[in-house]
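Analysis of the macromolecular model
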Amino acid sequence: MKKGWILPLSVVLIFALLGCSQVEPMTPQMLPKQSIEIGNRPEPRKKKEIHPSEPLIRPGQITKINGFGTFELLYIAHPLEEVHLSSLKIDLDRIKIFKVTDITLPFREDLKAFGWKGNKTAYIVQIEYSIENSGDDTLRLEPAPFQSLVLSGGGQATGRQIRSYADHRLEGKGKKNYQVIRFVLDRKPGNVRSVRLTTGKVYNLDAARWHGESKRIEISMK
């Protein structure tokens, strides 16, 4: 596997799947906390191919990304969920599940390195979220903001995280938005009813010590 391929993976896919010119800034949600499920239905959906410069926002939309493969959006949900870890707050904005076909050889090798055991089709999960630090210390979530993922419904599908080069360190008060966490599923997801995420642990870089434990989040997608 070529070591130089992972970094373009982290950048190109985000721009292509979100639409780099159309990403809306993430602001605090004013709606009640709930799970808004879009398109999570077992019946066949009408597929529509869109230009790679447009974001995939509706289940059934398909786009071809040069150097990677063909991406179809299967599920999209807006959890509107807050997670508090010490003085850090994680806001979950969107969860997307993609089916990937026509996978290129370099991308195929990268997926295999992160747990994919398939041959022709891959399923990946992308999470859009923000992290806010209300304190003065420099904090970071270790080993990652989300260290594990499990989809349930129609048989479980667990995810293994693709390495991210994003800087998740927050130096004092402030907020950062991310769209860079992706998981490769070990099998085809069934009729997804829920997503279970486990966060990382808060590490204080100034004091060189840990704050509290990780948390498990159960998100309904009904």
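That block above? That's the structure.
The text that follows walks through the structure, step by step, so that each part is easy to find. Only a predicted model underlies this, so the values are computations on that prediction, with no experimental measurement involved. (Residues numbered from 1 in each chain as written. Predicted model: local features only at pLDDT ≥ 70, side-chain atom pairs only at ≥ 80, totals over all residues. Heavy atoms only, no water.)

Some thoughts on the packing of aromatic side chains
The criterion, for reference: In this scheme Phe, Tyr and Trp rings, the latter by its six-membered ring, pair at centre separations within 6.5 Å, and the angle between planes marks the pair as stacked below 30 degrees, edge-to-face above 60, and tilted otherwise.
Summed over the entire model, instances satisfying the criterion amount to six aromatic pairs. Counting every residue linked through ring pairs, the aromatic cluster contains Phe 68, Phe 71, Phe 98 and Phe 107.

Some thoughts on the pattern of salt bridges
Side-chain pairs of opposite charge can arise where the charged atoms are in close proximity. Inclusion rule: Salt bridge criterion: a side-chain nitrogen from Lys or Arg within 4 Å of a carboxyl oxygen from Asp or Glu. For helices the rule is a DSSP run of H or I covering at least 4 residues; for strands it is a run of E covering at least 2, with both sets numbered from the N terminus onward. When accessible area is computed with a 1.4 Å probe and restricted to protein chains, residues below 20% of their type maximum are described as buried, those above 50% as exposed, and intermediate ones as partly exposed.
Under the criterion given, the structure shown has 11 salt bridges. Taking the shortest distance from any N to any O, the salt bridge between Glu 128 and Arg 94 comes out at 3.0 Å. With Glu 128 in strand E7 (residues 122-133) and Arg 94 in strand E6 (residues 88-101), the pair connects residues that are 34 residues apart, well separated along the chain. On the basis of relative accessible area, Glu 128 is assigned to the buried category, the value being 2%. Note that Glu 171 and Arg 169 form a salt bridge whose closest N and O atoms lie 3.7 Å from each other. A single salt-bridge network, built from bridges that share partners, covers Asp 93, Arg 94, Lys 96 and Glu 128.

Concerning the pairing of strand E8 (residues 138-152)
Quick reminder of the rule: Pairing between strands requires that DSSP locate at least two bridges from one strand to the other.
Note: E8 against strand E10 (residues 169-171), three bridges, orientation antiparallel. What sits directly across from Leu 139, in E10, is Leu 170. Pairing geometry for E8 and strand E12 (residues 194-204), over 10 bridges, is antiparallel. Counterpart to Phe 146 in the pairing with E12 is Thr 199.

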